[in-house]
Amino acid sequence: MLSQLGDDAKVLAGGQSLIPLMKLRFANPSHLVDLNFIPGTAYIKEEGASVRLGALTRHAEIEKSGIAARIPILHDCAAGIADTQIRNRGTIGGSLAEADPSGDWAAVLLTQKTEVRCLSPRGERTLPLAGFISDAYTTVLEHDELVSEIVVKNPEKNSGGAYLAFKRSAPVYPTASAAVHLAMEGDTCKDAAIVLGCVGLVPVKATAAEGTLRGSKIDDKALTAAMEAVRAAVDPQPDMRGSAEYKRKLAAALVKRAIEVAARRARGEQVEVSHIYA
Amino acid sequence: MPEVIEKVGIQLKVNGKPYSASVEPRMLLVELLREEFNLTGTHVGCDTTYCGACTVLMNGAIVKSCTMFAVQADGAEILTVEGLAEDGTLHPIQKAFGESYGLQCGYCTPGLMLSTYQLVSGNREPSEPEIRKAIAGNTCRCTGYQNIFKAIRLAGHKMKGA
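Residues numbered from 1 in each chain as written. Chains lettered and ligands numbered in written order. Predicted model: local features only at pLDDT ≥ 70, side-chain atom pairs only at ≥ 80, totals over all residues.

This part takes up the packing of helix α3 (residues 109-122) of chain B against helix α5 (residues 146-158) of chain B. Residues and elements named next belong to chain B. With their axes 10 Å apart at the nearest point, α3 and α5 run at an angle of 45 degrees to one another. The pairing of α3 with α5 is recorded here as oblique in orientation. Crossing of α3 against α5: the hand is right-handed. Here Leu-112, Thr-116, Leu-119 and Val-120 of α3 come into contact with α5, specifically with Ile-148, Ile-152, Ala-155 and Gly-156. Split into classes, the residues belonging to the contact of α3 with α5 amount to six nonpolar, two polar and no charged. (Axes fitted to C-alpha atoms, helices over the stretch in contact; angles between N-to-C directions. Helix = DSSP H or I, 4+ residues; strand = E, 2+ residues; numbered from the N terminus. Parallel < 35°, antiparallel > 145°, perpendicular 65-115°, else oblique. Left-handed = near helix turned anticlockwise from the far one by under 90°. Contact = placed C-beta atoms within 7 Å. Nonpolar A, V, L, I, M, F, W, Y, C, P; charged D, E, K, R; others polar.)

Dropping the structure here:
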């Protein structure tokens, strides 16, 4: 259908970003293809060592899902995106395909082993999420291609993740966000993944900060080094949400807290975190 | 020449009553409710998916009716503020908002009552954090929210056993 309608046609998932953008005339599609009436596109399933999420699965469904809660970082994200009304409509597939630099899901899922399954008239392909987002609001999806499913591998034993985002009020995009995943061996961090949202055109993988944690204990010294590396890694744009310096400090502070929560979860502790707002 | 936009026939239930309409696909759900069905209790506050004044219940879940197309509600069951009262008797949520002074100008109130409806439907004794989270998508510029929290707790209390 998309190939017939031409380049100006767009797909409509939850519509919680696209419809506001259309009202502002930032998006002006000639046609909208509404995916919401297609059955079987919203589900959360455990299969083998993975959780599979249909592209049209709403944030609220993920928030309530016992299967998704087994990967706590998924719950952190789903429970705090925007507000109740938006979580009831907005979808995980739409969020990834929109690739808003301030979106929540991409940063979270980039700390996990995540694959995106895409569907087009030419067939199906499975892409690692790391190669999926190419620029702000841009993915490698072809014009006539859709996200059909998101596959998240169960994290390994003795590992834990956490996602923290700060926003000025519930319905708005975060000012900065931090997703962290730690694999621990006793007190020592075996491996770390740190991805920051809202502080670059695409989610920023803080490679140097990850390096400071690898092989070290999660103590004040390691946290300070990771925060320093995060401040250097991010390139935030100053805007109405805050100056570049403010966002740099905020990102570092969120990373610190997320590391602490991830480490506690890796030890098996139950910790509840989500977005922070006034 | 203005482009002629083909209309689409839809059928839905609003406040328990069947409705049908022929609408342009670009029409928003809130416009359908207010302008076609004359259900003007659902308000348009910001029209930017922020304020929640347009909140309605669709198939048991609250949505911002300014951020959905009317055609997307084809086959849906919608509850608006007009559907809360039954036979001239106010719904416990409406009574609770009145008794607790949970409103001043009243503009945000219909949306807040629908958000309350979703919350207390599943939880008659919501904690303060649960209330705050449930209505985080509803902006009130008058009350300072304290009396709204009271109203929601009272609504849950009134609905116990119901």
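The subject of this paragraph is the pairing of strand β3 (residues 44-47) of chain A. Residues and elements named next belong to chain A. The pairing of β3 with strand β4 (residues 50-54) spans four bridges and is classified as antiparallel. Within β4, the position partnered with Ile-44 by the bridge is Leu-53. What sits between the antiparallel neighbours β3 and β4 is a turn of two residues, in which Gly-48 has the positive phi angle 60 degrees. (Pairing = 2+ DSSP bridges.)

What follows is about the environment of Ser-159 of chain A. Residues and elements named next belong to chain A. Note on placement: Ser-159 falls in strand β10 (residues 159-166). Exposure remark for Ser-159: the 20 C-beta atoms within 10 Å place this residue in the buried category. On a C-alpha basis, the gap between Ser-159 and Arg-264 in space is 9.4 Å, while along the polypeptide they are 105 residues apart. Contact partners of Ser-159, with chain neighbours within four places excluded, come to His-181, Leu-182, Ala-183, Met-184 and Ala-266. (Buried ≥ 20, exposed ≤ 12 C-beta atoms within 10 Å, placed from the backbone.)

Residues and elements named next belong to chain A. Reading across the sheet, the five strands line up as β3-β4-β9-β5-β6 and stay open at both edges, with antiparallel pairing between neighbours. Among the strands making up the open sheet, the edge pair consists of β3 and β6 (123-128). Ignoring which end each strand starts from, the neighbouring axes of this sheet average 25 degrees apart. Examined bridge by bridge, strand β5 (residues 114-120) and β6 share six bridges and lie antiparallel to one another.

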